[in-house]
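Commentary on secondary and tertiary structure
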Amino acid sequence: MTITEHSPTTTAPPVRMLWLDLTRKCQLECVHCYNESGPTGDHGTMTRAHWFTVVDQAATTEVEHIQLIGGEPTLHPDALAIARRALATGLHVEVYSNLVHVSDAWWELWAHPRASLATSYYSADPDRHNAMTGRPASHRHTRANIARAVERGVRLRVSIITPNGEGVEATRAELETLGVTHIGVDHVRLFGRGNPTEGTDVSGLCGACGDGRAAISPDGTVSPCVMSAWMGVGNTREAPLAGIPAGAPMAQARNVITAAKKDEPAPQPPPPNPIPCSPDQYCSPGTPRSECPPRN
């Protein structure tokens, strides 16, 4: 996209959280997927060496957390090696998985004191959950692996995502029964398959994109967040990571996003059945928690 100039932002805060968006391959084909991942997706052009370079460079900056995401990151052939590399450098690593299938090697990794796990859960109702993922057995597998994560003491957070807020409390109650203690709530974002108009509109972003965080796509493109991948601000295959988030393109992208939020009309009264607000999940998926108020 062409970024329109707006008033300059203040100096960008250092990036402390980095999404490594490894792949567009996924067992599921969720109706709301913001980057349209699925069984026919691929792993992009970033090689193991490229991802290792990104991790090593991140470890020399103020980055503290990385999140492996996709697609389904555990399907990437080098994902375990990338996660282990990051842990070895002292970074915290979260893996955002659909939990449809989990190998023993991943359970071993999540036992590390700086490793954690995140997943999305769409409903306590299997049919409603499966309708979102496009796979009949997904609810059963994801639920079973959520329970297994709790049993194994894995640091786990679950985001309830719905198109309309229906069934949130029943779903939260089920997760609490399973022993999940870190539960957030989010709504379907209007990107990818979640956007019937097939356009890109920055007003759908939370407003904090690029503010102390950045994302790297499967081709090495850096963007303000995983949901704004079309707003490329540099490429790690062409330049060192450290200089990209602090560069002019990122500042311009942040200006565009901020301006869109400032231009929004005054908030309307909440709908009859609003989705409960959870500040630490306002731009879910993401970590660590933020003190910024939710924008949507």
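Below, the structure is looked at part by part. Bear in mind the structure is a predicted one, so any value in this text is a computation, not a measurement.

**Considerations on the overall build of the chain**
- From N to C terminus, the chain includes 7 helices and 9 strands.
- A buried classification covers 53% of the 296 residues belonging to the chain.
- Per element, the accessible surface of the chain, about 13200 Å² overall, is 53% carbon and sulfur.

**Let's talk about the packing of helix α5 (residues 138-151) against helix α6 (residues 168-178)**
- Where α5 contacts α6, the axes come no closer than 9 Å and their chain directions differ by 45°. As the angle between them shows, α5 and α6 are arranged oblique. Contact residues: His139, Arg143, Ile146, Ala147 and Val150 in α5; Glu174, Leu175 and Leu178 in α6.
- Within the contact of α5 with α6, the residues separate by chemical class into 5 nonpolar, 1 polar and 2 charged.

**Focus: the state of the cysteines**
- Inspection of the entire model under this criterion finds 0 disulfides.
- Cys30 provides the cysteine sulfur closest to Cys26, a residue in no disulfide bond, and the two sulfurs are 6.0 Å apart.
- By relative accessible area, Cys26 is classed as buried at 10%.
- Its sulfur unpaired, Cys33 is 6.4 Å from the next cysteine sulfur, which belongs to Cys30.
- Judged by relative accessible area, Cys33 falls into the buried class, the value being 14%.

**Quick look at the environment of Leu80**
- The topology assignment puts Leu80 in helix α2 (residues 79-88).
- With 26 residues separating them in the primary sequence, Leu80 and Trp106 have C-alpha atoms 7.3 Å apart.
- The contacts of Leu80, once residues within four sequence positions are left out, are Ala105, Trp106 and Leu109.

**Section: the pairing of strand β7 (residues 213-216)**
- Going residue by residue along β7, you find Arg213 and Ala215 tucked away on one face and Ala214 and Ile216 tucked away on the opposite face as well.
- Judged from the 2 bridges that link them, β7 and strand β8 (residues 221-223) form a sheet pairing that is antiparallel. Within β8, the position partnered with Ile216 by the bridge is Val222.
- Between β7 and β8, which follow one another and run antiparallel, lie 4 residues, and Gly220 among them has a positive phi close to 95°.

**Observations concerning the packing of aromatic side chains**
- Evaluated as defined, the whole model comprises 2 aromatic pairs.
- Here a set of aromatic residues connected by ring pairs shows up, and it is made of Trp106, Trp107 and Trp110.

**So, the pattern of salt bridges**
- Enumeration according to the criterion identifies 10 salt bridges in this entry.
- Notably, a salt bridge pairs Asp78 with Arg48, separated by 3.0 Å at the nearest N-O pair. Of this pair, Asp78 sits in the loop between β2 (65-69) and α2 while Arg48 sits in helix α1 (residues 48-59), and the two are 30 residues apart along the sequence.
- Looking at Asp78, the relative accessible area reads 14%, which means it is buried.
- For Arg148, the salt bridge is made with Asp104, and the minimal N-O distance between the two is 3.9 Å. Highlighted residues: Arg148 in helix α5 and Asp104 in helix α3 (residues 104-109), separated in sequence by 44 residues.

**A short note on the pairing of strand β5 (residues 156-162)**
- Burial within β5 is extensive, with 7 of its 7 residues counted as buried.
- Neither face of β5 is left uncovered, since the one carrying Leu156, Val158, Ile160 and Thr162 and the one carrying Arg157, Ser159 and Ile161 both have all their residues buried.
- Bridging between strand β4 (residues 115-121) and β5 involves 5 bridges; their strand directions are parallel. Paired with Ser120 across the strands is Ser159, a residue of β5.
- Note that β5 and strand β6 (residues 183-187) share 5 bridges and pair parallel. Bridging across to β6, Ile161 finds its partner in Asp186.

So, how was this worked out
- Residues numbered from 1 in each chain as written.
- Predicted model: local features only at pLDDT ≥ 70, side-chain atom pairs only at ≥ 80, totals over all residues.
- Heavy atoms only, no water.
- Helix = DSSP H or I, 4+ residues; strand = E, 2+ residues; numbered from the N terminus.
- Buried < 20%, exposed > 50% of the residue type's maximum accessible area, 1.4 Å probe, protein only.
- Areas by Shrake-Rupley, 256 points an atom, 1.4 Å probe, with all protein chains shown as cover.
- Axes fitted to C-alpha atoms, helices over the stretch in contact; angles between N-to-C directions.
- Parallel < 35°, antiparallel > 145°, perpendicular 65-115°, else oblique.
- Contact = heavy atoms within 4.5 Å.
- Nonpolar A, V, L, I, M, F, W, Y, C, P; charged D, E, K, R; others polar.
- Disulfide = S-S within 2.5 Å.
- Pairing = 2+ DSSP bridges.
- Phe/Tyr/Trp six-rings, centres within 6.5 Å; stacked < 30°, edge-to-face > 60°.
- Salt bridge = Lys/Arg side-chain N within 4 Å of Asp/Glu carboxyl O.

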